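Secondary and tertiary structure notes
For reference, the chains in residue letters:
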Amino acid sequence: MMTAPTAIGRYEVLRELGKGAMGTVYLARDTALERLVALKTFRFAGAETDLEDSAVNRRRTLREAQRAGVLSHPNVITIFDLVEAESGSSAYIVMEYVEGTGLDARLRQSGPLTLAQAAPLVAQIASALDHLHARGIVHRDVKPGNVLVTEDGRLKITDFGVARTEDPAHTLDSEIYGTPYYMSPEQIQGQPLDGRSDVFSLGVLIYEMLTGRRPFPGTTVAEVAHRIVYEPGAEPTVDGKPLPGAAQEVLAKALAKDPAERFATAGALATAVQQLAEGSARLELGDTTAFPRSRWGTSPPPRRPALPRPPLVLAAALALVLVLVAAGVAYVRWQRGPQRGHADGELQARQIGYVKLVTEGRRLLDTGDPQGAALLFQAAEGLAIDPAGARRLRDEAEHRAEEQGAHLQLLDARQALSAGRYDEVIATARQMMATRSGREKAEGVLADVQDALARSAAAAAVARPAPPPSPLAPIPAPIAAVPTPTPLPGVDYGVLRVELRSQAPKGVLTVWVDDRQVLREPFEFYQRDGLFRRRPVPGSWATDLTVKPGRHALRVLVARSGEKAVVATLETPIEAGTLRTLSILVPPAGDLQVELR
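Procedures and definitions
- Residues numbered from 1 in each chain as written.
- Predicted model: local features only at pLDDT ≥ 70, side-chain atom pairs only at ≥ 80, totals over all residues.
- Heavy atoms only, no water.
- Phe/Tyr/Trp six-rings, centres within 6.5 Å; stacked < 30°, edge-to-face > 60°.
- Helix = DSSP H or I, 4+ residues; strand = E, 2+ residues; numbered from the N terminus.
- Buried < 20%, exposed > 50% of the residue type's maximum accessible area, 1.4 Å probe, protein only.
- Lys NZ or Arg CZ within 6 Å of the ring centre and 35° of its normal.
- pLDDT = per-residue confidence, 0-100.
- Contact = heavy atoms within 4.5 Å.
- Core = buried A, V, L, I, M, F, W, Y, C linked by side-chain atoms within 4.5 Å.
- Salt bridge = Lys/Arg side-chain N within 4 Å of Asp/Glu carboxyl O.

Some thoughts on the packing of aromatic side chains
Under the defined criterion, the tally for this structure stands at 2 aromatic pairs. Between Phe 200 and Phe 216, the ring centres sit 6.1 Å apart and the planes meet at 15°, which makes this aromatic pair stacked. One end of the pair, Phe 200, is in helix α5 (residues 195-211); the other, Phe 216, is in the loop between α5 and α6 (221-230), with 16 residues separating them in the sequence. In terms of burial, Phe 200 and Phe 216 fall into one category: buried. On the basis of an interplanar angle of 25° and a centroid distance of 5.7 Å, the ring pair of Phe 523 and Phe 525 is categorised as stacked. In terms of burial, Phe 523 and Phe 525 fall into one category: buried. If you follow Arg 35 out to its NZ or CZ, it ends over the ring of Phe 80, 3.8 Å from the centre. Directly above the aromatic system of Trp 512 lies the positively charged group of Arg 555, at a separation of 4.0 Å from the ring centroid.

Laid out in structure tokens, this is it:
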């Protein structure tokens, strides 16, 4: 929990006024001008915010505060100042302090308003929104809680925490801000917004003023979002009686799914409401004028022009055709059975499922589980009518999951490299090479492994008194003989001869005796075939190792260039003063052939 500050710049903090999704609001005193102000907190960075995101949040908040600071309208909260915290992680917007209550609280107390009561309130809100839109600002969160009502009935639009400019360069289409019940369809879908999005939100607010209910109810965000995007709003009624037909037409136009079908400005919507109020004496609530289904439900079929009456023979032929068509339709319905009746319900269920999957997938993506998000987006792709959006989300999630996996593999490879487990490093790097996110990292790791193997081989060559024979003998030829040490009295070790025959031109051989690594040798069999060309050839070499007497578990690992590492294990007793031969045949690909003689 953050402790409330006592002073911010020249502003003395008096008390907390409230908290919201975008920050905390404090009542403060301007010590220079001796006036009360409201301070709203905006955090740029949090525990899970990286430096780049923090910088983006800071630039965006400062830019929008500057844009909102030039607003001057009697129905818009005035912004006086912007103060950044010393830590640089947050800022405080200094705003006009207005004593009043939220419109949401007023509506809960009064219940539904009449057209005459609602019209002057709508006019003030619309005037404020048109002032914003004329300056390229979309509020994006128009709702009763963001409208303050003073004691003298004056309204103030507040909370510009989610306001954005219409400039596409300053807007992230993938971000969705606002309160779900009042959001426009294009806002839910993450599309570019203009002032008509606020007109839709104002239409929801007017609907709530007149009926006491919201047009798109629901218990979950996914359910509300689905209804706003795909379904008509609930028919506006008061005490079970529908609103006048003219009022329904105005609301239907304000809540049109397509922005082009809505009122062009908030002022045009307010004018329509005012005209309704002026004629309210003729539009009583008892008026049961049919609700315009073309706006709120299925559109009626278009009217067909009247055809001239046909001659008798033509009429008989036409009647026969109609009978045959009807019989065909009945047959098709009989063949389909009840399936067609469920088509609409299945489509609605698919759409609800799609929204739920996408919503949960976005949550997983934001909380660092891109793999789980990709699975949900893939499932949503199968439910979508137009799967392109879900496919883009799945591609993004899979790319993040790939980057996350490559990062974890890189950490494992670095840890194995520092411990000298080069075979594990090579195997991990080969897996990373298969992904676009890990390819560059894998190349760097393999370069480090090659340097480490070269240093290890050079150190081993210096430490051994007699280096192994030159590994250039082809496989058909016998391995160069390695003299067997002559057992001496009192010698307490055995000899393990390791013979390697390889048809793979390049790799690394590692041998363990029990849990102890006793040999790690890179091999490379090429023959020069010109000034700058080499060709791979079969090759072999052998070396002797001293081993304590006893029964031992031998483990052989070969990491071939371009292939996955392979392992072979076997057990053998080794006695003091004896020689055992471990023969290893490495094919170009596949398992090893290991024999103990």
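Still more to cover.
Things to note about the confidence of the model for the chain
Looking at the chain, the pLDDT average stands at 75 and 68% of residues meet or exceed 70. Across the chain, the secondary-structure element scoring lowest on mean pLDDT is helix α9 (residues 293-296), at 42, and the one scoring highest is α5, at 95. Taken together, the stretch residues 338-342 has pLDDT below 50 and engages in 0 contacts with residues farther than four places along the chain or on a different chain. Ignoring residues within four places in sequence, the model shows residues 466-490, a span with pLDDT below 50, making 37 contacts including any to other chains.

Section: the nonpolar core
If you look at the biggest cluster of nonpolar residues, it comprises 66 residues, and the most contacted ones within it are Leu 103, Ile 125, Leu 202, Ile 206, Met 209 and Leu 269. Top element by residues in this core is helix α3 (residues 115-134). It accounts for 10 residues. Val 537, Leu 554, Val 566 and Ile 584 belong to the second-largest nonpolar core, a separate cluster that totals 25 residues.

With respect to the pattern of salt bridges
For the coordinates displayed, the defined rule picks out 15 salt bridges. A salt bridge links Glu 12 to Arg 29; the shortest N-O distance between them is 2.8 Å. On the criterion of sequence distance, the pair formed by Glu 12 in strand β2 (residues 11-20) and Arg 29 in strand β3 (residues 23-30) is long-range, its members being 17 residues apart. Residue classification places Glu 12 among the partly exposed residues on the basis of a relative accessible area of 32%. Here Arg 29 falls in the partly exposed class, since its relative accessible area comes to 24%. One network of salt bridges, with partners in common, ties together Arg 10, Asp 30 and Arg 35.

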